[in-house]
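As a plain string of letters, each chain reads:
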Amino acid sequence: MGRWFAVFTLVAVVLGCGGGGNKVTKLNPPATMFTTFFLTSATIDPDGNPCTPPTPPAPTIPAAPAASRLLAGYQDWRNTTSSPGGDQCTSSIAKRWEGVVTFDMSSVVNDINATPFKTLTGTLTYHINSNKVPQSPNGIDLCVASLQRVMTIPTVSGLVSLNTLSGGNFPVTITPNLGPLNLPGFAPAGSVTGSGPASVNPAGPDPTVTVEATLLLSDWDGTKEPSLAIAFVPQGPTVFQLGVPAGTPVPPNRSTAACVSNIKDIALSVNVGR
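Residues numbered from 1 in each chain as written. Predicted model: local features only at pLDDT ≥ 70, side-chain atom pairs only at ≥ 80, totals over all residues. Heavy atoms only, no water.

**Focus on the pattern of salt bridges**
As a reminder, the rule being used: Any carboxyl oxygen of Asp or Glu within 4 Å of a side-chain nitrogen of Lys or Arg constitutes a salt bridge here. The secondary structure listing takes helices from DSSP runs of H or I that are at least 4 residues long and strands from runs of E that are at least 2 residues long, numbered from the N terminus. With a 1.4 Å probe rolled over the protein chains alone, any residue whose accessible area is under 20% of its type maximum counts as buried; one over 50% counts as exposed, and the rest are partly exposed.
Counted under the stated rule, the structure contains five salt bridges. Asp-76 is the salt-bridge partner of Arg-96, the closest N and O atoms lying 2.7 Å from each other. A residue pair is termed long-range when its members are at least 10 positions apart, and Arg-96 in strand E5 (residues 92-104) and Asp-76 in strand E4 (residues 70-78) qualify at 20 residues. For Asp-76, a relative accessible area of 1% gives the class buried. The partner of Asp-206 in a salt bridge is Lys-264, with the nearest N and O atoms 3.0 Å apart. Of this pair, Asp-206 sits in the loop between strand E14 (198-201) and strand E15 (208-212) while Lys-264 sits in strand E17 (residues 258-273), and the two are 58 residues apart along the sequence. The class of Asp-206 is buried, set by a relative accessible area of 5%. Lys-264 sits in the buried class, given a relative accessible area of 0%. Counted as one network, the salt bridges with shared partners bring together Asp-76, Arg-96 and Arg-254.

Written out as structure tokens, the structure reads:
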């Protein structure tokens with residue numbers, strides 16, 4: 001990973017066209033909280049059913065994200081060896097990471113409450129690097145499936161561990177009312193490419209993703225809450241879709257499946273048109 005740095009600023013710039021054209025106020029709400037929710041679920045072999053050595057070996061869990069960073073993605077493992085009696089082992093672990101960034105929207109609330117406005121648009125940008133198994137050749141893996149609004153604002157930053165055995169699950173999120181913000185899982189190297197609401201610039205040290213966030217802002221405008229929390233929903237099936245919490249092992253074809261993205265330099269730009 002190369003060097004990177006981020007500068008978060010709060011600015012308001014009013015742009016206007018001569019002769020009474022529309023004015024646009026540009027705002028950059030600061031990101032105040034970075035929370036990564038880590039959900040894990042596992043199955044084990046019955047007692048007396050030795051399945052050693054584990055094949056493949058269980059993978060190392062990625063390190064917790066540094067401050068002002070998020071993780072999003074999945075890591076599955078299944079012991080594919082067999083017991084002496086010929087039964088396939090059922091030991092497996094399914095892990096999922098969902099990152100949530102929270103923005104202080106007070107500057108936007110103050111601006112739109114001050115005078116009537118016509119449009120509310122914006123973009124979300126971030127740098128990303130990913131570790132995928134198997135790694136895609138000649139391109140960039142992106143382990144984030146979509147962006148969704150979090151219904152309950154997180155109360156802490158950092159890594160929050162969840163366990164399905166105790167009823168743990170990711171925070172409740174919703175797709176924008178006007179349509180989902182689905183993101184590409186892959187972008188070719190060598191040129192800026194667009195896919196749906198996102199564009200990906202592969203230039204180093206880490207690729208830059210720019211996402212049209214107007215649909216999220218439209219939903220937020222209906223509440224005008226002081227904070228906006230956006231979830232980076234991971235690619236891949238959920239642990240519940242795999243059936244792991246109910247005792248179904250991770251399928252053998254996902255015994256080494258993994259795709260985890262490290263996300264940083266997250267910034268939201270909001271445009272208020274009048």
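That was the structure; now back to the text.
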